[in-house]
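Single-letter residue listing:
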Amino acid sequence: MSLRIFSVLFLATVLVGCTAEADSTVATQPPAQPVDVAKVVYAQYSPEYTFTTRLESPQQVDLRPRVSGVIDAVSFKEGSRVKRGDLLFKIDPRPFSAEVARLTAELNRAQAALSQAQSEADRAKSLQGRNAMSAEQAESRVSLAQQRRAELASVQAALEAALLNLQFTEVRAPIDGQVSNAFITAGNNVQAGQSVLTTLVATDSLYAYFDVDERTWNSAFSQVKADGQTKATMMLSGQAQTEYQGYLDFIDNQINVESGTLRVRALFKSDSDALRPGAFARIQLQAVASQPTILVPDRAVGTDLENRFVLVVNQDNVLEYRQVQLGRREGDLRVIESGLQPNERIAVNGPARVGPGMTIAPRDVSIKTAELALASAKPSA
């Protein structure tokens, strides 16, 4: 009898101990961790593509003299803007003026000789008609007149060349633009077609050539034409807050088979000295067609060995692992090409302090999209 009473008391003690231990475990279980949660952004989105390049002038001239000689004067302010026809350099004209004077005198002599020869040829024809001169003598005088005429033409051509050389002693701007400094100054000798006097560039319009890879062009710009309708935005190095607007005006006729890129050009107008040839520039083009796109904060994306993933919040507020395929980064956001569905909720701050399988206390927040030009998109059925 006493053995039975002891067994019952022992069993009751064990049951009370287990119940107390279970109550203690429930009491010490930590509360769900609060986590920022937001719906993914789902919208019509036209991504912007950025290309780097350096500006080029449509016209650039290495100014060289057409005649050799000694520079008399430099007639422009270095670095200034000049108009076509403005005098820039003057070469000593005296040797060329002397040559013009000599050929002018030679021209007068040739004209007098031709006049005399022509007169004798006319008289010879008259005498031959009266049988007063032999045919041989008459032909000789006619031939002499023709020689004098050819000599006159030769002197006239030489005089025209000399006048051109005299004109070329004044080196004038061939285009409108901005001139550099004088590379050769007064008193120095220059050689025709060899010596570079200065450089001149047109700056009222500037070109920006850049290469677009074949895949990007086919996916985002295949319908673009070089008709001035496709806008381009340019930013210069050190001027992140200043944008210059231009447009595409040239698309090459073939893809470079070695690099797999297509050569494209944007034109930018300039009425100031802000744009200069050779400047480093970033060109932004917006894709022609928009498409429904899912975007999430870039910080919400985690890395698991070779995979990228985000933590999705299910209906029970439990975090689930979801592998995703990433697209372009747009500011603080990242395009998700596959792996997520519209209206799904994610852990905004990523897997920094939480992981799959955890139960959380969601704190609803919104994803900022102020930097993107987005239009609403309805989820597909």
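Residues numbered from 1 in each chain as written. Predicted model: local features only at pLDDT ≥ 70, side-chain atom pairs only at ≥ 80, totals over all residues. Heavy atoms only, no water.

**What to know about the overall build of the protein**
Cut-off, in case you're wondering: A helix here means a DSSP run of H or I that spans at least four residues, while a strand means a run of E at least two residues long, and both kinds are numbered starting from the N terminus. Three exposure classes are used, based on accessible area relative to the maximum for each residue type with a 1.4 Å probe and protein chains only: buried under 20%, partly exposed in between, and exposed over 50%. Accessible surface area values rest on a Shrake-Rupley calculation with a 1.4 Å probe, where residue burial reflects the displayed protein chains alone.
Across its full length, the protein holds four helices and 24 strands. In the protein, which comprises 381 residues, the proportion classed as buried is 36%. Accessible surface, the protein: about 23,200 Å² in total, of which carbon and sulfur atoms supply 48%.

**So, the sheet that holds strand β16 (residues 280-286)**
How we decide: Pairing between strands is defined by DSSP: at least two bridges between the two strands are required. Axis definition: a line fitted to C-alpha atoms, limited for helices to the stretch in contact. Angles are taken between N-to-C directions and run from 0 to 180 degrees.
Ordered by their spatial adjacency, six strands build a closed barrel running β3-β12-β15-β14-β13-β16, and the pairing between neighbours is antiparallel. If you compare each strand with its neighbour and ignore which way they point, the axes differ by 40° on average. Where strand β3 (residues 48-56) and strand β12 (residues 205-213) come together, two bridges link them in antiparallel fashion. Along β12, the bridge assignment pairs glutamate 56 with tyrosine 207.

**Things to note about the pattern of salt bridges**
Our working rule: The rule for a salt bridge is simple: a side-chain nitrogen of Lys or Arg has to be within 4 Å of a carboxyl oxygen of Asp or Glu.
Within this structure, the stated rule accounts for 13 salt bridges. Linking arginine 363 and aspartate 36 is a salt bridge whose minimum nitrogen-to-oxygen distance equals 3.1 Å. Of this pair, arginine 363 sits in strand β23 (residues 360-364) while aspartate 36 sits in strand β1 (residues 33-39), and the two are 327 residues apart along the sequence. Here arginine 109 makes a salt bridge to glutamate 106, at a shortest N to O gap of 2.8 Å. Residue arginine 109 and its partner glutamate 106 are located together in helix α2 (residues 94-129), separated by three residues, close to a single helical turn.

**Some points on the pairing of β3**
Pairing analysis gives seven bridges linking β3 to β16, with the strands arranged antiparallel. Looking at the pairing, threonine 52 lines up with arginine 282 of β16.

**Describing the sheet that holds strand β4 (residues 60-63)**
With antiparallel pairing, the four strands of this open sheet are ordered in space as β4-β11-β9-β6. The open sheet has two free edges, formed respectively by β4 and β6 (81-82), since each of these has just one partner strand. Summarising the sheet, β4 and strand β11 (residues 198-201) pair through four bridges and their orientation is antiparallel. Counted as the bridge partner of glutamine 60 is valine 201 from β11.

**Description of unusual backbone geometry**
What you tend to see is this: most non-glycine residues have negative phi, and most peptide bonds are trans. Non-glycine residue leucine 305 carries a positive phi angle of around 55°. In this fold, leucine 305 is placed in the loop between β18 (302-304) and β19 (307-313). Assessed through its relative accessible area of 80%, leucine 305 is described here as exposed. Notably, asparagine 317 is not glycine yet its phi reads approximately 60°, a positive angle. Inspection of the secondary structure puts asparagine 317 in the loop between β19 and β20 (319-330).

**A closer look at the layout of surface pockets**
To be explicit about the condition: Note on definitions: the grid is 1 Å and covers protein atoms alone; a cavity is a set of points where a 1.4 Å probe fits but cannot get out; a pocket is an open set with protein on both sides within 12 Å along at least five of seven lines; lining residues have an atom within 4 Å of a point. Grid points are joined across faces, edges and corners, and a volume is the space filled by probe spheres set on the points. Ten residue types, Ala, Val, Leu, Ile, Met, Phe, Trp, Tyr, Cys and Pro, are classed as nonpolar, four, Asp, Glu, Lys and Arg, as charged, and the remainder, Gly among them, as polar. Each domain span listed reflects an automatic or database assignment of domains.
Taken as a whole, the largest pocket holds about 610 Å³ of empty space. Taken together, 27 residues line the largest pocket, and the ones lying closest to its centre are Pro47, Tyr49, Ser219, Gln291 and Glu337. Looking at the lining of the largest pocket element by element, the count peaks at five residues for helix α4 (residues 214-220). Looking at the lining of the largest pocket residue by residue, the classes come out as 14 nonpolar, 10 polar and three charged. There are two domains that each give the lining of the largest pocket at least three residues, and those are domain 1 (33-45 + 292-364) and domain 2 (50-58 + 201-286).

**Here's the deal with the environment of asparagine 314**
In plain terms, the rule: Contacts are assigned to residue pairs that have any heavy atoms within 4.5 Å of one another. A 3.5 Å cut-off defines polar contacts: any pair of N or O atoms within that distance qualifies, except that in protein one atom must be a possible hydrogen donor and the other a possible acceptor, and neighbouring residues in sequence count only when both atoms are side-chain atoms.
Inspection of the secondary structure assignment puts asparagine 314 in the loop between β19 and β20. For asparagine 314, a relative accessible area of 19% gives the class buried. Each C-alpha atom, one on asparagine 314 and one on arginine 345, is 7.6 Å from the other, the two residues being 31 residues apart in sequence. Among residues more than four places away in sequence, those in contact with asparagine 314 are Glu320 and Arg345. A distance of 2.9 Å separates a polar side-chain atom of asparagine 314 from the backbone nitrogen of aspartate 316.

**Details of the confidence of the model for the protein**
Counted only if it meets this: One number per residue, pLDDT, summarises how confident the predictor is, and it ranges from 0 to 100.
Taken over all residues, the pLDDT of the protein has a mean of 85, while the share at 70 or more is 88%. Put simply, helix α1 (residues 2-28) is where the protein has its lowest mean pLDDT, 47, and strand β7 (residues 87-91) is where it has its highest, 97. When the criterion is pLDDT under 50, residues 22-27 qualifies, and its contacts beyond four places in sequence or with other chains add up to zero contacts. This stretch, residues 375-381, has a pLDDT under 50; its non-local contacts, to residues over four places away or in other chains, come to 13 contacts.

**Things to note about the nonpolar core**
Keep this limit in mind: Nonpolar cores are built from buried Ala, Val, Leu, Ile, Met, Phe, Trp, Tyr and Cys residues. Side-chain atoms within 4.5 Å join them into one set.
Counting 25 residues, the largest nonpolar core has Leu55, Phe210, Met234, Phe268, Leu275 and Ile283 as its most contacted members. One finds Leu88, Phe89, Ile91 and Phe96 within the second-largest nonpolar core, a separate group that totals 19 residues.

**Some points on the packing of aromatic side chains**
For clarity, the cut-off: Note on aromatic contacts: the rings of Phe and Tyr and the six-membered ring of Trp form a pair at centre separations within 6.5 Å, being stacked when their planes are under 30 degrees apart, edge-to-face when over 60 apart, and tilted otherwise. As a reminder, the over-ring test applies to NZ of lysine and CZ of arginine, requiring each to be within 6 Å of the ring centre and within 35 degrees of the ring normal.
Applying the stated criterion across every chain, the model contains seven aromatic pairs. The interplanar angle of 80° and the centroid separation of 5.9 Å between the aromatic rings of tyrosine 207 and tyrosine 209 together place this pair among those described as edge-to-face. Ring geometry for tyrosine 209 versus phenylalanine 250: centroids 6.4 Å apart, planes at 70°, classification edge-to-face. Taken together, the positions of tyrosine 209 in strand β12 and phenylalanine 250 in strand β14 (residues 244-256) put the pair 41 residues apart, joining distant regions of the chain. Ring pairing ties together the aromatic residues Tyr49, Trp217 and Phe221, which thus form one cluster. Sitting over the ring of phenylalanine 168, arginine 66 keeps its end group 4.6 Å from the ring centre. Across the ring face of tyrosine 207, the terminal group of arginine 265 is positioned such that the distance to the ring centre comes to 3.8 Å.

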